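Architecture and fold: a report
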Amino acid sequence: MPEPIAEPFPLDAVSLHDGIFTRARDQMLHLAHTYPVDRLLAVFRANAGLDTRGALPPGGWEDFGHPDEQAWGPDEYPGREAAPTANLLRGHYAGHFLSMLALAHAGTGDGALRAELKAKVDEMVEGLREVREALAASGRYSHPGFLAAYGEWQFSRLEGLAPYGEIWAPYYTCHKIMAGLLDAYRHAGSRTALEIAAGMGRWVHGRLSVLSADQRRDMWSLYIAGEAGGMNEVLCDLAVLTGDTQFVETARLFDLDSLLDATASGRDVLDGMHANQHAATLLGYLALHDLTGEARYLDAVINIWDMLVPGRTYAHGGSGENELWGPAGAVAGDIGNRNAETCVTYNMLKLARALFGRTGDPRYADYYERAVTNQVLGSRHDVDSDDSPEVTYMFPVNPGALREYDNVGTCCGGTGLENHVKYQDSVYFRSVRGGERALWVNLYVASTLRWAEQDVRLVQETAYPLEGGSRLLVDAAGNLDLRLRVPGWVTGGFTVTVDGSPVAVDATPGQYVSLRRDWVPGTVVEISMPLALREVPAPDDASLVTLELGPTVLLARSTATTWLPVAAATWRRLDGTLDAPIAPADDGTWRLGDLVLEPAWSGADARYHMYLRRADVRIAFAGTGAGAGADSGVPNVARRDGGTFLDVLWSDGGFASRPEFLRAVLRAAHEFVGLELLSAAEARDVLRAAARSGVGRDTGGGGTANEAEALPEEIARTESAREEAALLAEAPTAALTGSAPRLEVVPAAAPSVTGWYHQPAELTVHARADAGEPTVELRVDDGPWQPARAEPLRLGDGVHTVAVRAVDSEGRERHVVSEVSVDTTAPVTTATARRLGPRGVEINLAATDDVSGVDSIRWKGPDTFWATFREPFTRALGDEPQVIEFTATDRAGNEEPIRTLELPPAG
């Protein structure tokens, strides 16, 4: 790969104006302002035997260890059965908080806040220096550079291949502390922070350099215990910042050769891998390529990107189910109950930014826009808090999902601290020194850029993504190549004017428009890219779609936890966009029929559906063409795999021209007649409706908005007649006439508001035929076909696919497929308690529900409110017994009766 062609601007070169991103930024700056540094240092000071100054730690994973836990050295750990431990990831959250303070300091234009944040950075760094010196003075540890909020024993046990549960990712925590220190140096000028980080790096080298390659391989392959975050990245950073090349060799000690070798050769081995454990290493591999020139690193990173985007990426930019990557190409097929860990997207955005700088490839910028606008901005709850980041752990995409806000002390709580104070970091890129004078506009965000070295100032005015355009005031003199990104979602054209005069541009979606000219200060560039509502199918299931308005993914609010239907056949334009009656409401949502839609970036806390199920009843098309109806009246029949006629037709999202659309309708008609799902007569009705529709009806055959009105009525009528004749000349000619039997599956009662039945579901099949009495059969799931009976079909627990087929006396056949979800029982929670010495206990609440799945587990102690917890938690034992109450709810809405666990007194 050639040298990098673009680089981002420093945070202080770009200031954001009021817009959707400043909401989350200001809420996080409030936390940076109010949160005491002593609370962040408390776990470190306690570990080093220093005065904690009465401060409580943040909580969650970032809490004091067990009261009897000690800061054991590398050889002092008494063993798992004898060692009371807790909160073994502590220290990571403080590292993220230090990064957040430093980034916020660099990015704010408020002088008073900037000074306050700098003082907090210095206070925190000084506190960590005191801790490091106290640890070194104890003589317990293998190197004076060691710094942690627990003893060195976790690292020794990792070398012994201890599993997650006994230890918890010690190098992950080490990375977060080192990254915070390096951010304090880069963004707040703390040389002490650099010195502390370098000492930690030398300690790491001392531990790892004596291990065999096989031992390190086994360590980094361990699930979570071997998670090392971006240790390779910070060590490469240290090599650059200090000039000490030993840090490069230390970084290479974190190589996972099995992953690198496979993916560098193009072999996909990601299925089942812990997403964040490996996503965090990719930036380090890029840095190692830069420092060593070894092609394997770069090849692996680019190939892994292509394995993830778009094939494993949900609509909002996230990936992973229950923290694991799923099979290649599986998006709809990998939707479970806990999708899209926010940490993964944090790392993917950093990777996209780095890959764009090296390549200038707009696909990385397109991903960045999608992920930062939807998942990352939407991960910040729209509330103020003095003590919580109020961010998501998961931003799930399953039906009826809820965002998991709060997350004090968790991994995503930590990355979330950083996410929202650096939105300006990828709005603009500049050419590297020594190259041509070029400026990339990658994000349409209201902002001001000051490129001091080139005496360029650019002011961007826009309400994007709520409007499809932007106005740029360019203060520059002389030659400059201004490169404007044409977002991949653009369908309605991308036009540019300079000082009011149109400019001829080759605006291809997913590419750049280049304005290379001699600029005069005060030049105004205006961009128009009309927003369009799009129905975007999942790559592996065309019947599952998202609704997207420009760059915004829309969420449909609903308490149902089964798929919500959307019928959009008569709204689909040629390019797949929707000419739909979507109306804005005063509360920031939109109305589309019965659907209430909110932007994924809203930060709201209602249940939502990101993906909807296409549910068009009849085969119909947009517009009325030459005055005839575009509804064929023919049922939108489904193949045995569930794919309907319209799913098949629109599986690629749209068409380049009207002739291409009509040929696709013809192909689908032949396919469905060949499958005996449509009669020849019905196929002709479909072809007539397509010819009479307004889809793509303009002078060039590729229209979008107002397609049915683009031609005068008389010309449109003539064109429709010509197209209809041409289609009918090639229509299926099966001998069968008339219509296949009509089928209907009628439930005895409606499901609950969640979409699930809480009692066995009863369904009755009705069939009617034009010729004779039809033969009707049904099949449940993968069972055999059986004759349908007059009495209702009764279905018990499970998500059932009910297929019904009817054949008339002339052999015409019709299929109907319905999905029915039944869950009649509540989940069951198992509570286990493990003693942690005489004064503590670790409690694990694990619920099971084999039907709809567990939605939440809640617990309450004598001094706590009802809390939702998925991780083990600790309780200190007192003089009196304690009663813990707990219950679980499943996704169908069944709630377990409240149960209790009694904890004994201490002793």
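Residues numbered from 1 in each chain as written. Predicted model: local features only at pLDDT ≥ 70, side-chain atom pairs only at ≥ 80, totals over all residues. Heavy atoms only, no water.

Positionally, Thr281 belongs in the loop between helix 12 (275–279) and helix 13 (282–292). Sequence-distant contacts of Thr281, that is, excluding residues within four places in its chain, are made with Gly229 and Asn232. (Helix = DSSP H or I, 4+ residues; strand = E, 2+ residues; numbered from the N terminus. Contact = heavy atoms within 4.5 Å.)

This part covers the packing of helix 9 (residues 231–242) against helix 13. Closest axis-to-axis distance for the helix 9/helix 13 pair is 7 Å, and the angle between their directions is 35°. Handedness of the crossing formed by helix 9 with helix 13: left-handed. Residues Asn232, Glu233, Cys236 and Val240 of helix 9 pack against Leu283, Gly284, Tyr285, Ala287, Leu288 and Leu291 of helix 13. For the contact of helix 9 with helix 13, the class distribution of residues is 7 nonpolar, 2 polar and 1 charged. (Axes fitted to C-alpha atoms, helices over the stretch in contact; angles between N-to-C directions. Left-handed = near helix turned anticlockwise from the far one by under 90°. Nonpolar A, V, L, I, M, F, W, Y, C, P; charged D, E, K, R; others polar.)

Attention shifts here to the side chain of Asp616. Of note, Asp616 is situated in the loop between strand 22 (612–614) and strand 23 (618–620). Relative accessible area serves as the criterion here: at 9%, Asp616 is assigned to the buried category. Here the side chain of Asp616 touches Arg572 through a polar contact of 3.0 Å, side chain to side chain. Setting aside chain neighbours within four positions, we find Asp616 in contact with Val566, Ala567, Ala568, Ala569, Arg572, Asn636 and Leu646. (Buried < 20%, exposed > 50% of the residue type's maximum accessible area, 1.4 Å probe, protein only. Polar contact = N/O pair within 3.5 Å; in protein donor to acceptor, adjacent residues only side chain to side chain.)

This structure, assessed with the given rule, holds 68 salt bridges. The partner of Arg485 in a salt bridge is Glu369, and the shortest N-O contact between them spans 2.9 Å. With Arg485 in strand 8 (residues 478–486) and Glu369 in helix 16 (residues 362–378), the pair connects residues that are 116 residues apart, well separated along the chain. By relative accessible area, Arg485 is classed as buried at 0%. Residue Arg899 pairs with Glu896 through a salt bridge whose shortest N-O separation is 3.0 Å. (Salt bridge = Lys/Arg side-chain N within 4 Å of Asp/Glu carboxyl O.)

Moving on, we get to a negative patch on the surface. A grouping of Asp384, Asp386, Asp387 and Asp406 is seen on the molecular surface, where their side chains present a negatively charged patch. Its place among the elements puts Asp384 in the loop between helix 16 and helix 17 (411–419). Here Asp384 falls in the exposed class, since its relative accessible area comes to 58%. (Patch = residues over 30% accessible without salt bridge, like charges linked within 9 Å, V, L, I, M, F, W, Y side chains within 5 Å. Areas by Shrake-Rupley, 256 points an atom, 1.4 Å probe, with all protein chains shown as cover. Lys, Arg positive; Asp, Glu negative; His and termini not counted. Charge placed at Lys NZ, Arg CZ, Asp CG, Glu CD.)

This part is about the sheet that holds strand 31 (residues 813–822). Adjacent strands of a sheet pair through backbone hydrogen bonds, lying either parallel or antiparallel. One open sheet accounts for 4 strands, arranged 28-27-30-31; its pairing is antiparallel. One side of each edge strand has no neighbouring strand; the edge strands of this open sheet are strand 28 (786–787) and strand 31. Judged from the 6 bridges that link them, strand 27 (residues 775–780) and strand 30 (residues 798–807) form a sheet pairing that is antiparallel. Across the sheet, Arg779 pairs through a bridge with Ala803, a residue of strand 30. (Pairing = 2+ DSSP bridges.)

Attention now moves to the confidence of the model for the protein. Per-residue confidence for the protein averages 92 on the pLDDT scale, and 96% of its residues sit at or above 70. Confidence over residues 625–629 falls short of pLDDT 50; this stretch has 11 contacts with residues more than four positions distant or in other chains. Across residues 699–709, where pLDDT falls below 50, the model places 28 contacts with residues more than four positions away in sequence or in other chains. (pLDDT = per-residue confidence, 0-100.)

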